[in-house]
Amino acid sequence: ISNITRPKGYNVSFHYQPEMEKHHFGQTHPMKPWRLTLTKSLVMSYGMNFAMDNYTPRAATYEELRDFHTQDYLDFLATVAPEPVPRDLDNHNPDLKFNLGGSDCPLFEGLFDYCSMSGGVSLDAARKICNKESDIAIAWGGGLHHAKKSEASGFCYINDIVLAILQLLRHHPRVLYIDIDVHHGDGVEEAFFSTDRVMTCSFHKYDPLNFFPGTGGLDDNGPKNEHNPGAHHAINVPLNDGITDEQYAWLFQSVIGKIVEKFRPTAICLQCGADSLAGDRIGRFNLQVQGHGACVEYVKGLGLPMIIFGGGGYTPRNVARAWAYETAVAIGCQGRIDPVIPQHTVWREHFRQESLLPSLEQIVGEPRQNRNTQKRLQDVIQHVHEQLRFVNQ
Ligand code: ZLS
Ligand code: CA
Ligand code: ZN
């Protein structure tokens, strides 16, 4: 019996495809699709499913994927044979076609199904926003921001976010894309380089030589060539290791507040990659569930239709914690859920190793040293404000 009730005055929809979790990138690969199952069962154990409209979306069709991706890439992706033994060692094979089959983007059994399901989840979310059946649509199976129109990159093969934004643009004049994954949202940024109808803003760890993908410097604001209407519409917030909840919330609100004031989006897409949490296997930040979730709360408070996507996140229990908490934020019940993870779930088995009364909000992992000075963050905000002087809607 749950005390979670439907939000008053707006609708939240949850788009979930249970077949996605059955896919495996390989034993040692950091991307674990079963983190989606963990998230879903945590959401259900709190009874949050009763407060939302729940959908099991169909896979995206070949034609739908073609809205962004090229035919030769899709044909190859759809027909390439899986590798019997996924390679685990670094692979620098320059002959990889479309960057497929290396250690970051392995060829596994059912790859095309997995990709079209992720695309289907995000497209379904976008359609519910377009027809106004939903005000906040949740797509934890999406958020694969590195995929290019003709190339796989960084665990991403199909860019479900670009597909969803293209769908939103059929009904919305201006879409704001925000990306709090620890990596730069390069694929989405590049896809909309030449339009002023989409503004992208990524917060990420930036260290061109040592951290993937190496792009997204403060001065990278979109090509400024020949009257490109998309110039100044790519905003980047490069960060160092160890940023805390307090610094991140302050930065996020100053940057996004200013962007919304100048760009005046009519819909927002928020990529919530959970690899920006403390204790992530790949990430470098120090965010807690509250700090990560505060971004969702802030964006929700703007009162615009929005899609919430997943993305990275490589410590599965923490991913599930953050995304379950953020589902609660979307519904507006985050203050009413028990901080102790419910007893009766299969899910709790996973947390027994942590403590007898595992907490939803207390994530596992050692804090990292904070290498972000207040002065540097101030400079970042200053630069963003300068960029936005060029933007007038
Ligand atoms: O944003 O850093 C790289 C590229 C390499 C170093 C790693 N080797 C394996 C390949 C060449 C330069 N790639 C990153 C990609 C990060 C993608 C993030 C996706 C997202 O969160 C959205 C979903 C990277 N970082 C860490 C690894 N790859 C990585 C770590 C551990 C392993 C195991 C499996 C494979 C090889 C050993 C692997 C990759
Ligand atoms: Ca990011
Ligand atoms: Zn990431």
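Residues numbered from 1 in each chain as written. Chains lettered and ligands numbered in written order. Predicted model: local features only at pLDDT ≥ 70, side-chain atom pairs only at ≥ 80, totals over all residues. Heavy atoms only, no water.

**Q** Go over the coordination of the zinc ion (ligand 3), please, and point to the residues and values.
**A** Within the first shell, the zinc ion (ligand 3) binds the protein through Asp181 (OD), His183 (ND1) and Asp275 (OD), at distances of 1.9 to 2.0 Å. Considered as a linear motif, the donors of the zinc ion (ligand 3) on their single chain read D-x1-H-x91-D. A single burial state applies to aspartate 181 and to histidine 183, both of which are buried. (Donors = N, O, S within 2.8 Å, 3.2 Å for Na, K, Ca; no water. Buried < 20%, exposed > 50% of the residue type's maximum accessible area, 1.4 Å probe, protein only.)

**Q** Which residues make up the nonpolar core, and what are the values?
**A** Formed by 123 residues in total, the largest nonpolar core has its most connected members in Tyr157, Ile165, Phe203, Tyr248 and Ile259. The biggest single contributor to this core is helix H4 (residues 111–130), with 11 residues. Once residues lying within four places of it in the same chain are set aside, the contact partners of isoleucine 259 are Leu176, Met199, Cys201, Ile235, Arg264 and Leu388. (Core = buried A, V, L, I, M, F, W, Y, C linked by side-chain atoms within 4.5 Å. Helix = DSSP H or I, 4+ residues; strand = E, 2+ residues; numbered from the N terminus. Contact = heavy atoms within 4.5 Å.)

**Q** Break down the environment of glycine 47 for me, with residues and values.
**A** Mapped onto the elements, glycine 47 comes out in the loop between helix H1 (35–45) and strand S2 (53–55). Classification of glycine 47 by relative accessible area gives buried; the value is 4%. Counting along the chain gives 290 residues from glycine 47 to isoleucine 337, while the straight-line C-alpha distance between them is 9.7 Å.

**Q** For the coordination of the calcium ion (ligand 2), give the residues involved together with the corresponding values.
**A** Around the calcium ion (ligand 2), the donor atoms from the protein are Asp179 (O), Asp179 (OD), Asp181 (O), His183 (O), Ser202 (OG) and Phe203 (O), and they sit 2.5 to 3.0 Å away. Given 6 donor atoms and angles of 69 to 167° at the metal, the environment of the calcium ion (ligand 2) is assigned as irregular. If you list the donors of the calcium ion (ligand 2) from N- to C-terminus, the spacing comes out as D-x1-D-x1-H-x18-S-F. (Tetrahedral: all angles 85-135°; square planar, octahedral: opposite > 155°, others 65-115°.)

**Q** Can you lay out the pairing of strand S4 (residues 175–179) for me, pointing to particular residues and giving the numbers?
**A** Of all 5 residues making up S4, 5 are buried, and the element is well covered by its neighbours. Both faces of S4 are covered, namely the face carrying Val175, Tyr177 and Asp179 and the face carrying Leu176 and Ile178. Bridging between S4 and strand S5 (residues 198–205) involves 5 bridges; their strand directions are parallel. Directly across from leucine 176, in S5, lies its bridge partner methionine 199. Crossover S4 to S5 through helix H6 (residues 186–191) is right-handed. Summarising the sheet, S4 and strand S7 (residues 267–271) pair through 5 bridges and their orientation is parallel. For isoleucine 178, the partnering residue across the bridge sits in S7 and is leucine 270. (Pairing = 2+ DSSP bridges. Right-handed = clockwise from strand over helix to strand, strands pointing away.)

**Q** Break down the side chain of glutamate 326 for me, with residues and values.
**A** Along the polypeptide, glutamate 326 turns up in helix H9 (residues 316–331). Here glutamate 326 occupies a buried position and makes no salt bridge, while the nearest side chain of opposite charge, arginine 35, is found at 11 Å. If we skip the residues at most four places from it in the chain, glutamate 326 touches Trp140, Cys272, His292, Gly293 and Val296. (Lys, Arg positive; Asp, Glu negative; His and termini not counted. Salt bridge = Lys/Arg side-chain N within 4 Å of Asp/Glu carboxyl O.)

**Q** Outline the packing of aromatic side chains, listing residues and values.
**A** For the structure shown, the criterion picks out 14 aromatic pairs. Pairing phenylalanine 25 with phenylalanine 108 gives two aromatic rings, centres 4.6 Å apart and planes at 40°, and the pair type is tilted. With a gap of 83 residues between them, phenylalanine 25 in the loop between strand S1 (12–15) and H1 and phenylalanine 108 in the loop between helix H3 (71–79) and H4 connect regions that are remote in the sequence. Judged by relative accessible area, which is 2%, phenylalanine 25 ranks as buried. Look at phenylalanine 108 and you get buried, because its relative accessible area is 6%. Ring centres 6.2 Å apart and planes at 85° place the aromatic pair phenylalanine 108 and tyrosine 157 in the edge-to-face group. One end of the pair, phenylalanine 108, is in the loop between H3 and H4; the other, tyrosine 157, is in the loop between strand S3 (136–139) and helix H5 (160–168), and 49 residues separate them in sequence. Taking the relative accessible area as the measure of exposure, tyrosine 157 reaches 1% and is therefore buried. The rings of Phe203, Tyr248, Phe252, Phe285 and Tyr298 are connected pair by pair, giving a single aromatic cluster. (Phe/Tyr/Trp six-rings, centres within 6.5 Å; stacked < 30°, edge-to-face > 60°.)

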